[in-house]
Amino acid sequence: MKDNTLNKLGGNCSILLGILYLLVGITYLLLPADQKQTSALDKFLLSFAQNPTTQVIQWWVFALSGLIGIAVVLAVSESVRSANEGWVRWTSTLAVLGFAIVAINNFRNIAFQPGRAAAYVQGDAVTKAAIEVSGPFSLDPQNWLGFGAVGLWVLVGSLLALRAAIWPRPLTYVGIAVAVAYWLIVVGTVFNQETLITIAAALGGIILAPIWYIWTGLRLRPASV
């Protein structure tokens, strides 16, 4: 008898991840301008100290999505592994690393950024200067892993599923579009283009990613097979 526990876990997590991405997209659009991805550190800390709520909510949602995303990678990858095991194993490992980095980064933000912002606001000029030159707080400052690696995995999985007719064609096309949205965030971060990140949050986070992850989750669950 086939063991469907991975499909069941991955399917449920994929549906939940789709919902979490919707929340991520909405909260990002609601962030104050000085708390966006490309904001200068001094402006971010001053703004966050005054209005932390939306940012903290987004960090929690992102952190949970990172943990849940690992289960999704395992299940989705297994469903397309027969199409090309080498590519699936490599990109799925990168995606697990990417989701783990997302979780770690955001749990670090939750734990340390409030105190960092308070120290900046209350500190003298020397303290402010020390914080400003301390370097990026993120372990993935340009999002190559958290979004780039995950986007590569989605792209490869979707192309393999399209070629082998494992998933419906519309689902694979949505997956390809999701991969593009992930990479828009990387490009927007690297080149400091907030417009690209906002487009990715609105189109990818609120529309495409929820559709792809929820649809994929429904297909993974044994009851829908």
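This text follows the structure it describes.
The paragraphs below set out a description of the structure included in this document. Numbering of residues starts from 1 in each chain and follows the order in which that chain's sequence is written. Note on the predicted model: pLDDT of at least 70 is required for a residue's local features to be given, and 80 or more for side-chain atom pairs to be given and counted; whole-chain, interface and lining totals, by contrast, use all residues. Hydrogens are left out, water is left out, and the side-chain values use all remaining heavy atoms of the structure.

### Describing the packing of aromatic side chains
- The aromatic pairing rule takes the rings of Phe, Tyr and Trp, using the six-membered ring of Trp, and pairs them if the centres are within 6.5 Å, calling planes under 30 degrees apart stacked, those over 60 edge-to-face and the rest tilted. Applying the stated criterion across every chain yields a total of 14 aromatic pairs.
- A ring pair is formed by F62 and F147, whose centres lie 6.0 Å apart and whose planes are at 80 degrees; its orientation type is edge-to-face. Of the two residues, F62 is situated in helix 3 (residues 53-80) and F147 in helix 6 (residues 144-163); the sequence distance between them amounts to 85 residues.
- Throughout this description, buried means an accessible area under 20% of the type-specific maximum (1.4 Å probe, protein chains only), exposed means over 50%, and partly exposed covers the range between. Overall, the relative accessible area of 10% leaves F147 in the buried class.
- Ring centres 5.6 Å apart and planes at 65 degrees place the aromatic pair W87 and W90 in the edge-to-face group. A residue pair is termed a helical-turn pair when its members lie 3 or 4 positions apart in one helix, as W87 and W90 do in helix 4 (residues 85-122) at three residues.
- Ring-pair connections join several aromatic residues into one group, and the members of that group are Y21, F62, F147, W153, W167, Y182, W212 and Y213. Under the scheme used here, helices are H or I runs from DSSP no shorter than 4 residues and strands are E runs no shorter than 2 residues, and both carry numbers assigned from the N terminus.

### Concerning the nonpolar core
- Side-chain atoms within 4.5 Å link the members of a nonpolar core, which is a set of buried Ala, Val, Leu, Ile, Met, Phe, Trp, Tyr and Cys residues. Of all hydrophobic cores here, the largest spans 40 residues; its most connected members are V72, F99, W153, V154, Y182, W212 and Y213.
- At the level of secondary structure, the elements contributing two or more residues to this core comprise helix 1 (5-30), helix 3, helix 4, helix 6, helix 7 (169-190) and helix 8 (194-220).
- In terms of residue count, the dominant contributor to this core is helix 3 (nine residues).
- Note on contacts: a residue pair is in contact if any heavy atoms of the two residues lie within 4.5 Å. Each residue touching Y182, except ones within four places of it in the same chain, is listed here: Y21, F99, F147, V150, G151, V154 and Y213.
- Counting residues in each nonpolar core, the second largest holds seven residues, with F44, W59, A117 and Y120 among its members.

### Observations regarding a nonpolar patch on the surface
- Residues forming no salt bridge and having over 30% relative accessible area are the ones grouped into patches, like charges within 9 Å of each other and nonpolar side chains (Val, Leu, Ile, Met, Phe, Trp, Tyr) within 5 Å. The Shrake-Rupley method, run with a 1.4 Å probe sphere, supplies the accessible areas, and residue values consider only the shown protein chains as cover. Salt bridge, as used here, is a side-chain nitrogen of Lys or Arg placed within 4 Å of a carboxyl oxygen of Asp or Glu. Judged by side-chain polarity, W60, L64, L67 and F107 come together as a nonpolar surface patch covering roughly 370 Å² of accessible area.
- No other element matches the three residues that helix 3 contributes to the nonpolar patch.
- The residue F107 is located in helix 4 in this model.
- In this structure F107 comes out as partly exposed when scored by relative accessible area, which is 32%.

### Examining unusual backbone geometry
- With a phi angle near 65 degrees, N143 is a residue other than glycine that sits in the positive phi range.
- Relative to the elements of secondary structure, N143 occurs in the loop between helix 5 (125-132) and helix 6.
- The exposure class of N143 is buried, given its relative accessible area of 8%.
- Phi at N192 takes a positive value of approximately 55 degrees, unusual for a residue other than glycine.
- When you line up the elements, N192 lands in the loop between helix 7 and helix 8.
- What makes N192 partly exposed here is its relative accessible area of 48%.

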